[in-house]
Amino acid sequence: DGGITQSPKYLFRKEGQNVTLSCEQNLNHDAMYWYRQDPGQGLRLIYYSQIVNDFQKGDIAEGYSVSREKKESFPLTVTSAQKNPTAFYLCASSRTSRSSYNEQFFGPGTRLTVL
Amino acid sequence: QKEVEQNSGPLSVPEGAIASLNCTYSDRVSQSFFWYRQYSGKSPELIMSIYSNGDKEDGRFTAQLNKASQYVSLLIRDSQPSDSATYLCAVKAGGYQKVTFGTGTKLQVIP
């Protein structure tokens, strides 16, 4: 059963804490992405990775970090430097980021709330 | 100016009618266009992709692309209450360019 999984579904963070959101895919996709969605706003790109051991900042990377040690996994860490982290976080993947024909598929999302 | 613009809605249509959702984009070199459906509290689901001018049909869904006018639309025929959701338009230029998402149009299908 191919797809993208994200965990946890809900996450609560205290002020000053770092938290890590998990994203795993078994679609054999090269490219993976992290987006943030806030009410009334479109999806905003945080980080993306075109290949293992490589990643680039998106539009709103400040306060976030990622790693891509395995093709299947692209975890996102929300650091204490992110001042307004409460949001719906979405992980996506595509066969490649290079082609024009790059359809992105999304995981179920993680809803992060700062207490 | 927003890169991808959509009317936020809500767009209300009666059950069985045709729902028409529109999207305009600013980057003339855009090559790939996607429609996603997002139910409340859920993640976006890809329902259509279109790459060349004209119409593309898939079941009750038809995507229409007009690159000269820089708009893409999604028609939903025989609308059902289960189609009630927010529809996101997404646009990508070629190469390694990112995908840019609109803020979405909320569709309500009234039984």
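A. Seen up close, the overall build of chain A. Helix and strand counts for chain A stand at zero helices and eleven strands. When the helices and strands of chain A are placed in sequence order, the string is β-β-β-β-β-β-β-β-β-β-β. At 13 Å, chain A has a C-alpha radius of gyration in line with the 13 Å of a compact globule built from 115 residues. The dimensions of chain A, computed from C-alpha atoms along their principal axes, are 40 × 30 × 30 Å. Relative to its full complement of 115 residues, chain A shows a buried share of 50%. The long-range share in chain A, meaning contacts at least 24 apart out of those at least 6 apart in sequence, stands at 54%. Accessible surface, chain A: about 5700 Å² in total, of which carbon and sulfur atoms supply 47%. Charge-centre separation for chain A: the mean point of 13 positive side chains lies 4 Å from the mean point of 11 negative side chains.

B. Spotlight on the interface of chain A and chain B. Taken together, the contacts link 24 residues of chain A with 22 residues of chain B. For the pairing of chain A and chain B, the buried interface totals around 1800 Å² over both sides, and the portion due to carbon and sulfur atoms is 53%. Counting across the chain A and chain B interface gives one salt bridge. Between B:Lys98 and A:Asp59 there is a salt bridge, with its nearest N and O atoms 2.4 Å apart. For the pair chain A and chain B, the interface holds five residue pairs in polar contact (both at pLDDT 80 or more). Elements supplying a minimum of two residues to the side of chain A that touches chain B: strand 4 (31-37), strand 5 (44-51), strand 9 (87-94) and strand 10 (105-106) of chain A. Per-class residue counts for the side of chain A that touches chain B are nine nonpolar, eleven polar and four charged.

C. The state of the cysteines, seen in detail. Using the criterion set out here, one finds two disulfides over all chains in the structure. At a sulfur-sulfur separation of 1.9 Å, the disulfide partner of A:Cys23 is A:Cys91. Judged by the sign of its S-S torsion, about -70°, the cystine formed by A:Cys23 and A:Cys91 is left-handed. With A:Cys23 in strand 3 (residues 19-25) and A:Cys91 in strand 9, the pair connects residues that are 68 residues apart, well separated along the chain. The disulfide bridge from B:Cys23 ends at B:Cys89, spanning 2.1 Å between sulfur atoms.

D. Molecular detail of the side chain of B:Ser43. As for its placement among the helices and strands, B:Ser43 is situated in the loop between strand 4 (30-38) and strand 5 (45-50). Setting aside residues no more than four positions away along its own chain, B:Ser43 makes contact with A:Phe88, A:Leu90, A:Phe106, A:Gly107, A:Pro108, B:Arg37 and B:Gln38.

E. The nonpolar core, seen in detail. Counting 23 residues, the largest nonpolar core has B:Trp35, B:Val72, B:Leu74, B:Ile76 and B:Tyr87 as the members making the most contacts within it. Those elements that provide at least two residues to this core are strand 3 (19-25), strand 4, strand 5, strand 7 (61-66), strand 8 (71-76), strand 9 (85-93) and strand 11 (105-110) of chain B. Those residues in contact with B:Ile76 that lie beyond four places of it in its chain are B:Ala17, B:Ile18, B:Ala19, B:Leu21, B:Arg60, B:Phe61, B:Asp83, B:Tyr87 and B:Leu107. Counting 20 residues, the second-largest nonpolar core is a separate cluster that includes A:Leu11, A:Ile46, A:Val66 and A:Val78.

F. Here's a closer look at the layout of surface pockets. Taken as a whole, the largest pocket spans an internal volume of roughly 540 Å³. Contributing to the lining of the largest pocket are 24 residues, with A:Gln37, A:Pro39, A:Gly40, B:Gln38 and B:Thr86 lying nearest its centre. Counting residues per element, the ones that place at least two in the lining of the largest pocket are strand 9 of chain A together with strand 9 and strand 11 of chain B.

G. Layout of the pairing of strand 3 of chain B. Residues and elements named next belong to chain B. Alternating residues of strand 3 divide into Ala19, Leu21, Cys23 and Tyr25, all buried, and Ser20, Asn22 and Thr24, none buried. The pairing of strand 1 (residues 4-5) with strand 3 spans two bridges and is antiparallel. In the strand pairing of strand 3, Glu5 is matched with Thr24. Inspection of the sheet shows strand 3 paired to strand 8 by six bridges, in the antiparallel sense. Each bridged residue has a counterpart across the sheet, and for Leu21 the counterpart in strand 8 is Leu74.

Here is what the cut-offs are and how they apply
Numbering of residues begins from 1 in every chain and follows the order in which that chain's sequence is written. All chains are assigned letters beginning at A, and all ligands numbers beginning at 1, according to the order in which they are written. It should be noted that, the model being predicted, local features are given only for residues of pLDDT at least 70 and side-chain atom pairs only at 80 or more, the latter also being counted only at that level, while totals for whole chains, interfaces and linings use all residues. By convention in this description, side-chain values take in all heavy atoms of the structure and omit both hydrogens and water. Put simply, DSSP marks the helices as runs of H or I at least four residues long and the strands as runs of E at least two long, and each gets a number from the N terminus on. Our radius of gyration looks at C-alpha atoms and nothing else; its globule reference is 2.2 Å times the residue count to the power 0.38. When a residue's accessible area, from a 1.4 Å probe over protein chains only, is under 20% of the maximum for its type it is buried; when over 50% it is exposed; and in between it is partly exposed. Whether two residues touch is decided by their heavy atoms; if any such pair falls within 4.5 Å, the residues are in contact. Where accessible areas are quoted, they stem from the Shrake-Rupley method and a 1.4 Å probe; at the residue level, only the protein chains shown are allowed to cover. Just so you know, the count uses Lys and Arg for positive and Asp and Glu for negative, and it drops His and the chain ends. Charged side chains are reduced to one point each, which is NZ for Lys, CZ for Arg, CG for Asp and CD for Glu. As used here, buried area is the combined drop in accessible area, with a 1.4 Å probe, of two parts when they are placed together. Just to be clear on terms, a salt bridge is a Lys or Arg side-chain nitrogen sitting within 4 Å of an Asp or Glu carboxyl oxygen. For this analysis, a polar contact is any N or O atom pair within 3.5 Å, provided that within protein one partner can donate a hydrogen and the other can accept it, and provided that sequence-adjacent residues contribute only side-chain to side-chain pairs. Just so you know the grouping, Ala, Val, Leu, Ile, Met, Phe, Trp, Tyr, Cys and Pro go in nonpolar, Asp, Glu, Lys and Arg go in charged, and all remaining residues, Gly too, go in polar. The criterion for a disulfide is a pair of cysteine sulfur atoms lying within 2.5 Å. To qualify as a nonpolar core, a set must consist of buried Ala, Val, Leu, Ile, Met, Phe, Trp, Tyr and Cys residues joined through side-chain atoms within 4.5 Å. Using a 1 Å grid laid over the protein atoms alone, points where a 1.4 Å probe fits but cannot get out form a cavity; open sets with protein on both sides within 12 Å along at least 5 of 7 lines form a pocket; any residue with an atom within 4 Å of a point counts as lining. Grid points are joined across faces, edges and corners, and a volume is the space filled by probe spheres set on the points. Any two strands with at least two DSSP-identified bridges between them are counted as paired.

Function cannot be inferred from these measures alone, as they are strictly geometric.
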